[in-house]
Each structure stands twice: as C-alpha cells, then as structure tokens.
Amino acid sequence: MICQDSGRSRETTRRRVFDIVGQAPDWLASEVPWWRARQSLGGASGEFGILVSGGGMAGDDLLQGVDLVRRTGDGGRVLLDRVCLTVRGGDRVALVGESGSGKSLLLRALSRLDGVDEGVVLWREQPIEAAFVPSFRCRAMYFPQRAVLLEGTVEENLRRPFALQEHRLSEYDPERVLKLLGRCHRGETFLKQSSRELSGGEAQIVALVRGLQLQPDLLLLDEPTAALDAKTTHDIESLLIDWHAEAPQARAWVWVTHDSAQTRRVGNRILTMKHGQLVETSGADDPA
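About the thresholds
Residues numbered from 1 in each chain as written. Predicted model: local features only at pLDDT ≥ 70, side-chain atom pairs only at ≥ 80, totals over all residues. Heavy atoms only, no water. Helix = DSSP H or I, 4+ residues; strand = E, 2+ residues; numbered from the N terminus. Buried < 20%, exposed > 50% of the residue type's maximum accessible area, 1.4 Å probe, protein only. Salt bridge = Lys/Arg side-chain N within 4 Å of Asp/Glu carboxyl O. Core = buried A, V, L, I, M, F, W, Y, C linked by side-chain atoms within 4.5 Å. Contact = heavy atoms within 4.5 Å. Pairing = 2+ DSSP bridges. Axes fitted to C-alpha atoms, helices over the stretch in contact; angles between N-to-C directions.

Visitor: Residues and numbers for unusual backbone geometry, please.
Guide: Glycine aside, residues mostly have negative phi, and peptide bonds are mostly found in the trans state. Positioned with a positive phi, Arg124 is a non-glycine residue whose angle comes to about 50 degrees. For Arg124, the position within the fold is in the loop between strand S4 (118-123) and strand S5 (126-127). Taking relative accessible area as the criterion, Arg124 reaches 9% and is therefore assigned buried. With phi around 55 degrees, Gln215 is a residue other than glycine that occupies positive phi space.

So this is what it looks like as structure tokens:
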C-alpha cells in the first residue's frame, strides 16, 4: 500500500499539530493515538478549535486522511484499509478505480458524512470537532453523483444556503450567480425554472453553482458528470476548471471518475484505489 501523504511522514504531521498549540504531551513518542491531543492537553473545543476560514496560503495542507479504516458492520471485511491522503492547495486529484474499490466511501469519509472505525480526518492540520463539522463542510463541499434539489425555482434553491446559520453573515449575490451560470450557458430565464422541470445535468449545474457561490476551498466530487451528455459534461468541467483557476494555488478538488479522458482533463494528480487501498499515484501525463 502507498500512503499518499505527498512525502510528509505522519510523525512530522502530528508534531506540527502540537506546534500549533504550543506544547507536546509526554505521550508524543508513545503509541497513544496522536489525535487525542486535545484530551491530553485539557483544552476545550474552542481552545484547540479548527480553522474554518478560507484563503489559505498557496500549497497549504487542506485535507488529510490519516490511517482511515472502515469495516463492514459485522467486522468481516475491510472496506478502507489504512488509507492516507493529503490534499493541498492547488491539487486537482483524479481518483480512479474499479466499481466497489472504495472511492465513494473514501469521499464520504473525508467529508465526515460517514464515520470510520480507525483513523482521523484533519482540516488544515487540525482534527474536526463534532461541533465544527457544519463549518468544515462550508469549506470542503461534497457533491454526489445525483444532485439533490429542493422544491421551488432554481433561484430559490440558490438562495437557500443563506438562510442557514453558517452563512448568516453572507448575502446572495445575483451577479456572481449569473456569472457562474453563464459558464454553463444559462441565464436569467433559467433562474425561474422549477427544480422539477430540470434534467439531471441541469440539476447538477444548479447544485454546483449553489455550492461554488459560497467560495469553498475544496470540492469532493463523486462522479459529477456520470451519465450526462457530452455538452453538459463539458459545461460542468468548464465551470469547475474556471472556479479552480480563480485561486489555482489555494483551491483543490478530489474528483472521482471512471472516464480516462476526463482523468487527464481534470487531474494533475492521479490516485488509484484498489480493494480499499490507495495503491498508485502519478501525474496527469503519466500512465495511470
């Protein structure tokens, strides 16, 4: 198994966590799981906290999965097998592998939608306390293969996030929304359409714009163009590539795909999952 930590050892990573809080407990060199730092240091969640603001430095570690293990309910089969992954600002990770290899499961674990039996997910090198999960998901957004929209018009769906507590200090920006929609060749009339009338591709465009307007740092994309026609696939790829290009060294994605041509278009790092393990990494110009 290859541990995809981009050359940084887990020992170095855990020491950097303690650099943040200014001290290291006696068990730093022991076998006690290092992400229990907060318990040992006696800090409250607000003291240890989590960095939820955007606009980090170029190349910063955004998301890390460290020794992620997931088993079946009866414990009989390992679904994720000691998976390690670091995603930095600027990364455009294409995640490939056979169906059932664990790609979607890994994305859901990284987004904290599904739990793991062992290991830890870090955001900007800090463990994600339960109370901070909503804030974390504002910065690292998960998009499933099939978009989920609410009843109402496209515009009502796009305005909906601003009614949530996490976005109470932000305002809906019609100009930015139209700019994003324009990249997919949709305009003001599209905003008035009912969500019930949309095709699968149009619904995916709405879901992506709904997230991108909030300016996240990281996208976790679970086959966002699967089963879509070539034109809609091109529109969505263009939308996301333009989003990344706005801050090319600070933003990142992990994009699950089964399309080898798409892999080359969207990835500057290619990771392969096989039987629950990350077993290969290459540049987009290398054979996957």
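Visitor: An account of the pattern of salt bridges is requested, with residue identities and associated values reported.
Guide: Going through the model one piece at a time under the given rule, you end up with 19 salt bridges. A salt bridge links Arg71 to Glu118, with the shortest nitrogen-to-oxygen separation between them at 2.6 Å. Remark: Glu118 occurs in strand S4 and Arg71 occurs in strand S1 (residues 61-71); sequence separation between them is 47 residues. Residue classification places Arg71 among the partly exposed positions, given a relative accessible area of 28%. Since its relative accessible area comes to 25%, Glu118 is described here as partly exposed. Between Arg183 and Glu246 there is a salt bridge whose closest N-O contact spans 3.3 Å. Taken together, the residues span a long stretch of sequence, with Arg183 in the loop between helix H7 (174-182) and helix H8 (188-191) and Glu246 in the loop between helix H10 (230-245) and strand S8 (252-256) at a distance of 63 residues. On the basis of relative accessible area, Arg183 is assigned to the buried category, the value being 18%.

Visitor: I'd like a description of the nonpolar core, backed by residues and values.
Guide: Ranked by size, the top nonpolar core spans 32 residues in total, and within it Leu158, Val209, Leu219, Leu221, Leu240 and Trp253 carry the most contacts. For this core, the secondary structure elements donating two or more residues are strand S6 (140-143), helix H6 (154-159), H7, H8, helix H9 (200-212), strand S7 (218-222), H10 and S8. With seven residues, the single largest contributor to this core is H9. When sequence neighbours within four positions are dropped, the list of residues in contact with Trp253 reads Asp91, Arg92, Val93, Leu218, Leu219, Leu221, Leu240, Ile241, Trp243, His244 and Val266. Core analysis: the next-biggest nonpolar cluster, separate from the first, contains 29 residues, Leu62, Trp123, Tyr142 and Leu218 among them.

Visitor: Residue-level account of the sheet that holds strand S2 (residues 78-88), with values.
Guide: Reading across from one edge, S2-S1-S4-S5 is the order of the four strands in this open sheet, with antiparallel pairing throughout. Two strands lie at the open edges of the sheet, namely S2 and S5, each paired on one side alone. Alignment of S4 against S5, held across two bridges, turns out to be antiparallel. Within the sheet, the bridge partner assigned to Leu122 lies in S5 and is Pro127. On top of the sheet, helix H4 (residues 103-110) reaches S1, S2 and S4; it is set at about 60 degrees to S2, its chief contact.

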